[in-house]
Amino acid sequence: MSLLQVQNISKAFGGVKAVQNISFALQAGELLALIGPNGAGKTTTFNLVGGQLAADSGQVLLGGKNISGLAPRAIWRLGVGRTFQIAQTFASLTVVENVQMALLSADRKIFSWWPRAAGHRRSDALALLEQVGMQAQAERPCSELAYGDVKRVELAMALAHDPQLLLMDEPTAGMAPGERVALMQLARRIARQRQMGVLFTEHSMDVVFGQADRVAVLVRGQLLAEGTPQQIRADARVQQAYLGTGLVLEKQK
Ligand SMILES: Nc1ncnc2c1ncn2[C@@H]1O[C@H](COP(=O)(O)OP(=O)(O)OP(=O)(O)O)[C@@H](O)[C@H]1O
């Protein structure tokens with residue numbers, strides 16, 4: 001059974017059909033990139049999966065269970081994590097304290113976190129930092145970190161409640177090209193190790209074609225094509241859809 005099944009979901013905002021009858025599936029351990037020109041419906045699709053928006057029709061299944069219409073927190077509880085376009089960490093806390101905060105939240109102790117974060121599951125937090133290659137910087141305040149390192153800390157935080165599925169909304173926005181590939185290589189390694197599925201949106205074609213196992217292409221709210229990176233790059237309809245957008249589908253030499 002697929003980890004995630006999106007079945008015929010649609011969402012309109014007034015007269016704008018942001019997402020129209022989209023279906024796709026994602027397996028455990030797999031990275032699926034959702035790509036498309038601006039306004040194609042990527043963020044709307046993310047919000048439909050994460051519960052921030054309710055679909056007009058269709059359903060979303062997680063491990064076969066219908067999660068459509070559940071609140072975001074309930075969906076998170078069921079094992080759907082999320083990272084955002086702009087990394088969300090507490091700048092004044094240290095790296096390890098940020099992960100400890102995420103563990104407190106996962107343990108439903110968020111209301112008593114402030115004085116207690118520093119004492120909560122420190123060794124588990126350090127183990128998560130090791131997974132993202134940030135253990136050596138555990139005691140630094142997040143405010144001192146390079147942006148690429150903040151993104152790694154955010155990834156460790158997202159792993160704190162052991163998600164089955166991780167939604168990454170433009171995870172590499174604002175990063176240098178080399179850092180982008182490195183971050184998604186890391187996400188891919190972690191996905192394989194934990195058998196966690198990753199659904200991500202991405203504008204960098206190097207990252208998409210280098211790191212995704214499969215690619216789904218949205219155009220004007222519709223699913224135009226879905227397949228391996230090789231299939232998508234060779235698809236004439238996809239090339240046509242990207243013409244004039246300034247994006248290049250050919251892999252950079
Ligand atoms: N809350 C909203 N109210 C009205 N229209 C919206 C809303 N959210 C999205 N839309 C419209 O729905 C369409 C799809 O938007 P969406 O943000 O999902 O696209 P996207 O593929 O994520 O775009 P981008 O790459 O620019 O982030 C667009 O026409 C957008 O203007």
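Here we summarise the structure given alongside this text.

What counts as what
- Residues numbered from 1 in each chain as written.
- Predicted model: local features only at pLDDT ≥ 70, side-chain atom pairs only at ≥ 80, totals over all residues.
- Near = placed C-beta within 6 Å.
- Helix = DSSP H or I, 4+ residues; strand = E, 2+ residues; numbered from the N terminus.
- Nonpolar A, V, L, I, M, F, W, Y, C, P; charged D, E, K, R; others polar.
- Axes fitted to C-alpha atoms, helices over the stretch in contact; angles between N-to-C directions.
- Parallel < 35°, antiparallel > 145°, perpendicular 65-115°, else oblique.
- Left-handed = near helix turned anticlockwise from the far one by under 90°.
- Contact = placed C-beta atoms within 7 Å.
- Buried ≥ 20, exposed ≤ 12 C-beta atoms within 10 Å, placed from the backbone.
- Pairing = 2+ DSSP bridges.
- Core = buried A, V, L, I, M, F, W, Y, C linked by C-beta atoms within 7 Å.

**Points about the site of the ligand**
- As a matter of local geometry, the ligand sits amid Phe13, Val16, Ala18, Gly36, Asn38, Gly39, Ala40, Gly41, Lys42, Thr43 and Thr44.
- Secondary structure elements with two or more residues in the shell around the ligand: β2 (16-26) and α1 (42-50).
- Top element by residues in the shell around the ligand is α1. It accounts for three residues.
- For the shell around the ligand, the per-class residue count stands at four nonpolar, six polar and one charged.

**Here's the deal with the packing of helix α3 (residues 95-106) against helix α6 (residues 147-158)**
- Put simply, α3 and α6 touch, their axes get as near as 8 Å, and they point 25 degrees apart. In this view, α3 runs roughly parallel relative to α6, as classed from their interaxial angle. Note on packing geometry: the crossing formed by α3 with α6 is right-handed. Each of Val95, Asn98, Val99 and Ala102 in α3 lies in contact with α6, whose residues at this interface are Val153, Ala156 and Met157.
- Broken down by class, the residue content of the contact of α3 with α6 amounts to six nonpolar, one polar and no charged.

**Overview of the pairing of strand β8 (residues 197-201)**
- The element β8 is extensively covered by neighbouring structure, given that five of its five residues are classed as buried.
- What you see with β8 is no split at all: Gly197, Leu199 and Thr201 on one side and Val198 and Phe200 on the other are buried throughout.
- One ladder, built from four bridges, connects strand β3 (residues 31-35) with β8; its direction is parallel. Bridge pairing in β8 places Leu34 opposite Thr201.

**A few points about the nonpolar core**
- In this structure, Val99, Leu129, Ala156, Leu165, Val198 and Leu199 are the most contacted members of the largest nonpolar core, which totals 68 residues.
- When residues in this core are grouped by element, the largest group, eight residues, is from α3.
- Residues in contact with Ala156, not counting those within four places in the same chain, are Val99, Leu128, Leu129, Gln131, Val132 and Met134.

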